[in-house]
Amino acid sequence: EKVFLDNRTISFAQNLNWDGMNYHGGFSYLYVSVSAGYGQPSNWVVFDAYTGDWRFTINSIPSGTTFYGPNNEIYILRIDAVNNRLLVWSMNDALISTATGYGDGSWGNTIEGKTFDASALPDGWIVNASIPAGLPSTVVVAGYQDRVILGSTSTEEVTIAGLSLEAGDEGDLLFNETYDAPSYWKDANVTVAGAMGGIVASSLEDGAVVVYIRETREHYGFSTETGEYMWGPTPSEHYLNALEDSPSNVRHIAYGNFYSASIGGEVYCYDVQTGDLKWTYQVTDPYSEMLWSNNWWVKPMFITDGKIYVAHTEHSAVDPRPRGAPFVCIDAETGEEIWRIDGAFRTTRWGGRAIIGDSIIALMDTYDQQVYAVGKGPSALTAQAPMSGVTVGSSVQITGTIMDVSPGTNDASLTTRFPNGVPAIADEDMSAWMLHVYKQFEEPMVNGVEVILCAVDP
């Protein structure tokens, strides 16, 4: 069955690992969140990630903070500051509670093909625990059977509180710490910027949350283990970063580091435990066509496999658009440039950032309004050598090719320009070569791939 939704985008995805009495397996879903109106509960329309077929719908999803269990099951946490309660809703428990005769043994036959009303499934609320009064009400981060961090900030203080989510201890107070802010916060009436109660980044795994001061471009770190102040302020970042309108979207914690990249066009990496600056990387604009800087405005796309990827996403550039928009892969620990391609992809801010899955990057280029997939494509090797006996002492000629046979090379625009195929090129020249092949830049001087011929004595 196909379900068509006008003007909707995919909200998030899920690989649900099911381990039940009757069978075991995985379900890959795409979720489209549909709101009934401002202030109204959202409905989730769920599709098969491989076929696009509708699988099930859940109406009246409770509000709160979403987090995931060990099998990627969905939980929603809510803090009721009026009644001093901590509540957790489990999608799996809510839906399975409707099963008759199957219990927790099945998922697909029980769930798929149906529409549910979350408000009519009381078994979904698996936690309803009392909490102390007077805590911050904003959820910063929550971890399955670990803890939830609450936070609030002002020009006078920062409060970080922790509540247990461990089974049997839900709602127990772990800590509630208040940090007296430096006097200049209030004197200068600075902006403690961030979507999560003034906090721009958080990680339970790395044990830290980060607070950002917009006007001074400084950061402060606080512990998710104790709630106490750890470090700060960091040195002021590029002055243009103060103009960033979504400070939480350009700062992330991973691998024990805190990363920041914004309008100033510089990537910063700090030690998240000490606040020490470990490295910076400038995303320079060699054409100087940005209207306000010699660097490109960049945002982090994703952090994975020990690398951080950044790209230009500015959404309202004048035409003609500035040339050479960068897409950069940086070693997350050292700051070393792994690869950079300029002019291939001017990514989109409003249309969704670049994503990665199965080592393939998918993104939209706003130079030509096309969607691209970038990754390690396949190659094909051919070799021709004499098939009959060769006289001792005579020469032998071996010929062949190594060609790029990625799906993109089959496009008519490439087969007409490369009727004999697209040669495989050395890694160090790949960016320049891809610009020539797919973006019609001038042909660069490049090297092919190394070929090793081995002779074996008969």
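Above this text you will find the structure in question.
Residues take numbers from 1 onward in each chain, read along the sequence in its written order. Given that the model is predicted, a residue must reach a pLDDT of at least 70 before its local features are reported, and side-chain atom pairs must reach 80 or more before they are shown or counted; all residues, however, enter totals for whole chains, interfaces and linings. Where side-chain values are given, they derive from all heavy atoms of the structure, hydrogens and water being excluded.

A.B. asks: Can you break down the overall build of the protein residue by residue, with the values?
C.D. replies: What the protein contains, in helices and strands, is 5 helices and 32 strands. Structurally, the protein occupies a C-alpha span of about 90 × 65 × 50 Å along its principal axes. Buried, partly exposed and exposed residues are distinguished by accessible area as a fraction of the type maximum, computed with a 1.4 Å probe on protein chains only: under 20%, between the cut-offs, and over 50%, respectively. The 458 residues of the protein split such that 44% are buried. Across the protein, every contact between residues at least 6 apart in sequence was considered, and the portion connecting residues at least 24 apart equals 47%. Carbon and sulfur atoms make up 49% of the accessible area of the protein, which totals about 23,500 Å². A run of H or I in DSSP counts as a helix once it spans at least four residues, and a run of E counts as a strand once it spans at least two, with each numbered from the N terminus. Between two residues, a contact is recorded if the distance between any of their heavy atoms is within 4.5 Å. The Shrake-Rupley method, run with a 1.4 Å probe sphere, supplies the accessible areas, and residue values consider only the shown protein chains as cover.

A.B. asks: Describe in detail the sheet that holds strand β21 (residues 266-271), supporting the description with residues and values.
C.D. replies: Being paired, for any two strands, means DSSP has found at least two bridges between them. Taken together, 4 strands build an open sheet; the order of strands is β19-β20-β21-β22 and the sheet is antiparallel. Unpaired on one side and paired on the other, β19 (251-254) and β22 (277-282) mark the two borders of the sheet. For this sheet, the mean inter-axis angle between neighbouring strands, taken without regard to orientation, is 15°. Bridge analysis of strand β20 (residues 257-261) against β21 gives 5 bridges, and the strand direction is antiparallel. Its bridge partner being in β21, Tyr-259 is matched across the sheet by Cys-269. Lines fitted to C-alpha atoms define the axes here, with helix axes fitted over just the stretch in contact, and angles between the N-to-C directions of these axes take values from 0 to 180 degrees.

A.B. asks: Help me get a handle on the nonpolar core, residues and values and all.
C.D. replies: Side-chain atoms within 4.5 Å link the members of a nonpolar core, which is a set of buried Ala, Val, Leu, Ile, Met, Phe, Trp, Tyr and Cys residues. Judged by nonpolar contacts, the single largest core of 22 residues is most densely connected at Tyr-31, Trp-44, Phe-56, Ile-58, Met-91, Leu-95 and Trp-107. Breaking this core down by element, the ones donating at least two residues are β1 (12-19), β2 (24-35), β3 (42-48), β4 (54-61), β6 (74-80) and α1 (91-96). Per element, the largest residue contribution to this core is 4 residues, and it comes from α1. Excluding anything up to four places from it in sequence, Met-91 contacts Gln-14, Tyr-31, Trp-44, Phe-56, Ile-58, Ile-74 and Trp-107.

A.B. asks: Which residues make up the pattern of salt bridges, and what values do they have?
C.D. replies: In the sections that follow, a salt bridge refers to a side-chain nitrogen of Lys or Arg positioned within 4 Å of a carboxyl oxygen of Asp or Glu. Taken as a whole, this structure holds 15 salt bridges when the rule is applied. When the shortest N-O distance is used, the salt bridge between Asp-48 and Arg-55 registers 3.3 Å. Per residue, the accessibility class of Asp-48 equals that of Arg-55, and both read buried. Among the salt bridges present, the one from Arg-340 reaches Asp-342, with a minimum N-O distance of 2.8 Å. Using a relative accessible area of 15% as the deciding quantity, one classes Arg-340 as buried. Each of Asp-48, Arg-55 and Glu-112 takes part in a single network of salt bridges with overlapping partners.

A.B. asks: Provide a residue-level description of the layout of surface pockets, including the pertinent values.
C.D. replies: The pocket and cavity definitions rest on a 1 Å grid over protein atoms only: a 1.4 Å probe that fits but cannot leave marks a cavity, an open set with protein on both sides within 12 Å along at least five of seven lines marks a pocket, and residues lining either have an atom within 4 Å of a point. Grid points are joined across faces, edges and corners, and a volume is the space filled by probe spheres set on the points. The computed volume of the largest pocket comes to approximately 1,600 Å³. Around the largest pocket, the lining is made up of 50 residues, and of these Val-374, Gly-375, Lys-376, Gly-377 and Met-430 lie nearest the centre. Where the lining of the largest pocket is concerned, the elements lending two or more residues are β24 (307-312), β26 (337-342), β28 (360-365), β29 (370-374), β31 (399-404), α4 (412-415) and α5 (430-439). Element by element, the count of residues in the lining of the largest pocket is highest for α5, at 9 residues. In the scheme used here, Gly and all other residues not listed as nonpolar or charged are polar, with Ala, Val, Leu, Ile, Met, Phe, Trp, Tyr, Cys and Pro taken as nonpolar and Asp, Glu, Lys and Arg as charged. A breakdown of the residues in the lining of the largest pocket according to their chemical character gives 29 nonpolar, 11 polar and 10 charged. Considering the residues around the second largest pocket, the lining is formed by 29 residues, among which Ala-13, Gln-14, Tyr-68, Ile-355 and Ile-356 are closest to the centre. At the level of secondary structure, the elements contributing two or more residues to the lining of the second largest pocket comprise β1, β2, β15 (199-203), β27 (355-357) and β28. The biggest single contributor to the lining of the second largest pocket is β28, with 4 residues. Taken together, the residues that form the lining of the second largest pocket break down as 17 nonpolar, 10 polar and 2 charged.

A.B. asks: Describe α5, with residues and values.
C.D. replies: For α5, the full list of buried residues reads Trp-433, Met-434, Leu-435, His-436, Val-437 and Lys-439. Those residues of α5 that are buried are in contact with β26, β28, β29, β31, α4 and β32 (422-423). After α5 finishes, the residue Gln-440 shows a positive phi value of roughly 60°.

A.B. asks: Help me get a handle on unusual backbone geometry, residues and values and all.
C.D. replies: Residue Pro-233 is bonded to the preceding Gly-232 through a cis peptide linkage, with omega at 5°. Mapped onto the elements, Pro-233 comes out in the loop between β18 (229-231) and β19. Its identity as a non-glycine residue notwithstanding, Ser-60 has a phi of 60°, on the positive side. Of note, Ser-60 is situated in strand β4. In this structure, Ser-359 is a non-glycine residue whose phi angle is positive, near 65°. The exposed category is assigned to Ser-359, whose relative accessible area is 60%.

A.B. asks: Which residues make up the packing of aromatic side chains, and what values go with them?
C.D. replies: Aromatic ring pairs: the centre-centre distance and the angle between the two ring planes describe each pair. What counts as a ring pair is set by centres within 6.5 Å for rings of Phe, Tyr and Trp (its six-membered ring), and what kind of pair is set by the plane angle: stacked under 30 degrees, edge-to-face over 60, tilted for all other angles. Under the defined criterion, the tally for this structure stands at 25 aromatic pairs. Both rings, one in Phe-12 and one in Tyr-31, keep their centres 4.4 Å apart while their planes meet at 15°; by these two values the pair is stacked. Within this pair, whereas Phe-12 is found in strand β1, its partner Tyr-31 is found in strand β2, the two being separated by 19 residues in sequence. Take Phe-12: its relative accessible area is 21%, and that puts it in the partly exposed class. Each ring, one from Phe-327 and one from Phe-345, has its centre 6.2 Å from the other, and the planes form 85°; the classification is edge-to-face.

A.B. asks: Tell me about the environment of Val-158, and name the residues and values.
C.D. replies: As for its position among the elements, Val-158 is in strand β12 (residues 157-164). Apart from the residues lying within four places of it in its own chain, the contact partners of Val-158 are Ser-152, Thr-153, Glu-177, Thr-178, Tyr-179, Trp-185, Val-211 and Phe-222.

A.B. asks: How would you explain the environment of Gly-343 if you had to name every residue and give the values?
C.D. replies: Following the sequence through the fold, Gly-343 ends up in the loop between β26 and β27. By relative accessible area, Gly-343 is classed as buried at 8%. Sequence separation between Gly-343 and Pro-326 is 17 residues; the distance between their C-alpha atoms is 6.2 Å. Aside from chain neighbours lying at most four places away, what touches Gly-343 is Gly-324, Ala-325, Tyr-367, Leu-435, Lys-439 and Phe-441.

A.B. asks: I'd like to hear about a nonpolar patch on the surface, residue by residue, with values.
C.D. replies: Each patch is assembled from residues with relative accessible area greater than 30% and no salt bridge, linking like charges that lie within 9 Å and nonpolar side chains (Val, Leu, Ile, Met, Phe, Trp, Tyr) that lie within 5 Å. Judged by side-chain polarity, Val-390, Val-396, Ile-398, Val-449, Val-451 and Leu-453 come together as a nonpolar surface patch covering roughly 520 Å² of accessible area. Inspection of the secondary structure assignment puts Leu-453 in the segment after α5. On the accessibility criterion, Leu-453 (65% relative accessible area) is exposed.

A.B. asks: Describe in detail the sheet that holds β31, supporting the description with residues and values.
C.D. replies: If you walk across this open sheet you meet the 3 strands as β30-β31-β32, and the pairing is antiparallel. Here the strands that pair on one side only, and so sit at the sheet edges, are β30 (379-384) and β32.

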